[in-house]
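Report on the structure
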Amino acid sequence: MRNTQLFLKDPKLLNQLSDFEFQSVLLEGVSRTFALTIPQLPQGLFAPIANAYLLCRIVDTIEDEVSLSPEQKKYFCSEFTHIVASGVNSEPFAVELAPLLSDQTIPAEHALIHVLPRVIEITHSFEPDQIAALAGCVETMAEGMPLFQAQNLQAGLATLADMDQYCYYVAGCVGEMLTKLFCHYSPEIAQHREQLLSLSVSFGQGLQMTNILKDIWDDAQRGVCWLPQDIFLEAGFNLKELTAENSNEQFRLGLARVISIADQHLHDALRYTQFIPAHEVGIRNFCLWALGMALLTLKKIKNNLSFTASNQVKINRKSVKSTILTTKLIGRSNLLLSLLFDFTSRDLKTSDWHYVQSPSKATPLF
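Let me begin by describing the structure that accompanies this report.

As a further point, take the overall build of the protein. Per the secondary structure count, the protein includes 19 helices and zero strands. On C-alpha atoms alone, the protein measures out to a radius of gyration of 20 Å, which is about the 21 Å that the 2.2 N^0.38 rule sets for 366 residues. C-alpha atoms of the protein, sized along the principal axes, occupy 55 × 50 × 40 Å. When each of the 366 residues of the protein is scored for burial, the buried share is 52%. Taking as baseline every contact in the protein between residues at least 6 positions apart, the subset at least 24 positions apart corresponds to 73%. Summed over its atoms, the accessible surface of the protein is roughly 17100 Å², and 52% of this surface lies on carbon and sulfur atoms. Looking at the protein, you have 29 positive and 38 negative side-chain charges, and the mean spots of the two groups are 9 Å apart.

Here it is as structure tokens:
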């Protein structure tokens, strides 16, 4: 059994591992969830999708680094986009960025930047179509995320359309990239390419909205809010006044309505998964585990709209194990999956409300 922390503390030791072990250790360090789901993928998909997650995490690390100015973030994101596409200049990039990371960046992300050249080397061991899918996703994230980082987000995003756009840049484009990799892997899956691409953005948004809802109060402590102002204003609550102590009945009403929208996206995620052939058990597990954990998290939030910290609505290990077991039992049956999903999500909908956005309220970012 490998000692993940030992390898993360010593980049030279980490670089001595095989490509499979190297990426596995980094995944365990930066994301417990993806360290659980990505290994479920078939052999032909593990390497590119593990690599894709690490590339996206590097963009996240740059964007979240408190010691970097907006100009520095824009510079590093632009440079990284070119490196992913071309495969060159990764070494000087890592040498330039690594010393600028602060102690607020987790140790695993420090390690990831130190071994960035190896990550890029693995990227360019893939086939051209796979590299293009990864590079396109990184470019979209790197160009889109700074548009939001530059805004004052203490009072939330102006409209649901703005939230949609943010979710696309951080998660929807990842759904598109995964779909392209799935289609490259399997001609059978590629027969449904257009349907899958049309649902992939919604899949990513459902997962991202769940994270946003779970992390409301953690984000608020950092002076950030990703909730849409228009939905809460309609409910009678101004997000400018958002504090854990100030959350009232009107805030909880707005929260329930956002949960209802997230639930709609998770329904699209289920439809996406049902297009994957039943015999592709690994890909289905990858999708269903993420979907199941998001659905259970939304349920916990809906059942505790007065929560004041993310750990109060975080699902426990028992729920994770339950998701895994249920998937193993019924994951091949579209009918049983639909029945279970509808039953589990039955209380998430706000049946007496429908979102209507005035075009005049949309906030242009370009």
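Now that the structure is up, let's keep going.
The next point concerns the side chain of Ser 90. With respect to the secondary-structure elements, Ser 90 resides in helix α7 (residues 90-97). Classification of Ser 90 as buried rests on a relative accessible area of 10%.

Time to look at the packing of aromatic side chains. Applying the stated criterion across every chain yields a total of 15 aromatic pairs. Look at Phe 182 and Phe 286: their rings are 6.3 Å apart centre to centre, the planes differ by 85 degrees, and that puts the pair in the edge-to-face class. In this pair, Phe 182 is assigned in helix α11 (residues 160-185) and Phe 286 in helix α17 (residues 281-302), connecting sequence segments 104 residues apart. When the centroid spacing of 5.4 Å and the interplanar angle of 25 degrees are considered together, the rings of Phe 232 and Phe 251 count as stacked. Of the two residues, Phe 232 sits in helix α15 (residues 229-235) while Phe 251 sits in helix α16 (residues 249-274), which places them 19 residues apart along the sequence. Its relative accessible area of 0% is what places Phe 232 among the buried residues. Since its relative accessible area comes to 1%, Phe 251 is described here as buried. An aromatic cluster of at least three residues, connected via ring pairs, comprises Phe 148, Tyr 166, Tyr 168, Tyr 169 and Trp 226. Seen from the ring of Phe 22, Arg 118 lies directly overhead, with NZ or CZ sitting 4.4 Å from the centre.

Let's shift gears to a positive patch on the surface. Taken together, the side chains of Arg 32, Lys 314, Arg 317 and Lys 321 make up a positively charged region of the molecular surface. With respect to the secondary-structure elements, Lys 321 resides in helix α18 (residues 317-330). Residue Lys 321 is classed as exposed on the basis of its relative accessible area, which comes to 61%.

The subject of this paragraph is the nonpolar core. If you look at the biggest cluster of nonpolar residues, it comprises 116 residues, and the most contacted ones within it are Phe 80, Phe 182, Leu 213 and Phe 251. Among the elements that make up this core, the one with the highest residue count is α11 (13 residues). Within the second largest apolar cluster, five residues are counted, among which are Met 293, Ile 315, Val 320 and Ile 324.

The α-helix winds at 3.6 residues per turn, so residues separated by three or four positions along the chain end up facing the same way. With 22 residues, helix α13 (residues 193-214) should reach 32 Å at 1.5 Å per residue; the first-to-last C-alpha distance of 32 Å fits that figure. Roughly 30 degrees is the biggest bend found in α13, and it falls at Leu 199.

Another point: the state of the cysteines. Tallied over the full model, the rule gives zero disulfides. No disulfide involves Cys 225; its nearest neighbouring cysteine sulfur is the one of Cys 167, lying 12 Å away. By relative accessible area, Cys 225 is classed as buried at 5%. With no disulfide of its own, Cys 287 lies 12 Å from the sulfur of Cys 183, the closest cysteine sulfur. Take Cys 287: its relative accessible area is 3%, and that puts it in the buried class.

Turning our eyes to something else, we now look at the pattern of salt bridges. This model, assessed by the stated rule, comprises seven salt bridges. Measuring nitrogen to oxygen at the nearest pair gives 3.7 Å for the salt bridge that ties Asp 263 to Lys 349. Here Lys 349 lies in the segment after α19 (334-344) and Asp 263 lies in helix α16, a separation of 86 residues in the sequence. A relative accessible area of 1% means that Asp 263 is categorised as buried. Ionic pairing is found between Arg 271 and Asp 268, a salt bridge with its closest N-O pair at 3.2 Å. Note that Arg 271 and Asp 268 are positioned in helix α16 at a spacing of three residues, about one turn of the helix.

Rules of the game
- Residues numbered from 1 in each chain as written.
- Predicted model: local features only at pLDDT ≥ 70, side-chain atom pairs only at ≥ 80, totals over all residues.
- Heavy atoms only, no water.
- Helix = DSSP H or I, 4+ residues; strand = E, 2+ residues; numbered from the N terminus.
- Rg over C-alpha atoms; globule rule 2.2 N^0.38 Å.
- Buried < 20%, exposed > 50% of the residue type's maximum accessible area, 1.4 Å probe, protein only.
- Contact = heavy atoms within 4.5 Å.
- Areas by Shrake-Rupley, 256 points an atom, 1.4 Å probe, with all protein chains shown as cover.
- Lys, Arg positive; Asp, Glu negative; His and termini not counted.
- Charge placed at Lys NZ, Arg CZ, Asp CG, Glu CD.
- Phe/Tyr/Trp six-rings, centres within 6.5 Å; stacked < 30°, edge-to-face > 60°.
- Lys NZ or Arg CZ within 6 Å of the ring centre and 35° of its normal.
- Patch = residues over 30% accessible without salt bridge, like charges linked within 9 Å, V, L, I, M, F, W, Y side chains within 5 Å.
- Salt bridge = Lys/Arg side-chain N within 4 Å of Asp/Glu carboxyl O.
- Core = buried A, V, L, I, M, F, W, Y, C linked by side-chain atoms within 4.5 Å.
- Expected span 1.5 Å × (residues − 1).
- Bend = angle between axes of the 7 residues up to and from the residue.
- Disulfide = S-S within 2.5 Å.

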